[in-house]
Amino acid sequence: MFRTLSVAALVAAGLAGSASATVVTSTLGEFNFDGADDGSSPAQTVGIFSFLLPLGESILSATVSGTFGNSTVYSTAAVDLFGDGAFLGECVFNDVCWTGAQGLTPYSFAVTNLADLLDGLFEFTIQQDGPYYTRLGEATLTINTGPTAVPLPAGLPLLLAGLGGLALLRRRGSGAA
């Protein structure tokens, strides 16, 4: 009996952990902005990522990726990127993303506050830090999810220990007769 319960518990644990991870993506189009020459322009909204998270899954990680520069011009102004108001990354003055000398410059920045994603919306904004145009290629939000861990009930270890004790008592009782 104890062996049967142990096998059943292992099979149940294996089935519970066999759910696969899901990747959710949302994409925004190219972005162009002609800011003030002194870098004093207010923050600009590039767009709002909209997505549906799978039911019963937790967010494991998320990134925003794209390119500095776009199909029009390979360079961009010095610019800071934000997601729901939190700093993601930047292109600084005279960096390769600013000059565009090597073509489009890819970026990929981690979203550090995953709770910002729970509402299914994520606002992507920029703050231009200098003169010229801010140019960004398509931006993609990638969210990796996985099954939500179900906590082990506190009484389960006690139940298993009790069943194990009963099995030992039964074995001792049948050996004495």
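As the structure is a computational prediction, the values presented were derived from the model and not from experiment.

**Q** Explain unusual backbone geometry here, please?
**A** For residues other than glycine, phi is negative in most cases, and the peptide bonds are mostly trans. With a phi angle near 50°, Asp-84 is a residue other than glycine that sits in the positive phi range. Mapped onto the secondary structure, Asp-84 falls in the loop between β5 (79-83) and β6 (86-91). Owing to a relative accessible area of 32%, Asp-84 belongs among the partly exposed residues under this scheme. Despite not being glycine, Asn-94 shows a phi value in the positive range, around 70°. Position of Asn-94 relative to the elements: it lies in the loop between β6 and α2 (96-99).

**Q** Explanation requested: the state of the cysteines in the structure shown.
**A** Two cysteines whose sulfur atoms are joined by a covalent bond form what is called a disulfide. The full count for this structure, using the stated rule, is one disulfide. Disulfide pairing is shown between Cys-91 and Cys-97; the S-S distance is 2.0 Å. The chirality of the disulfide connecting Cys-91 with Cys-97 is right-handed, given an S-S dihedral of about 110°. Residue classification places Cys-91 among the buried positions, given a relative accessible area of 1%.

About the thresholds
- Residues numbered from 1 in each chain as written.
- Predicted model: local features only at pLDDT ≥ 70, side-chain atom pairs only at ≥ 80, totals over all residues.
- Heavy atoms only, no water.
- Helix = DSSP H or I, 4+ residues; strand = E, 2+ residues; numbered from the N terminus.
- Buried < 20%, exposed > 50% of the residue type's maximum accessible area, 1.4 Å probe, protein only.
- Disulfide = S-S within 2.5 Å.

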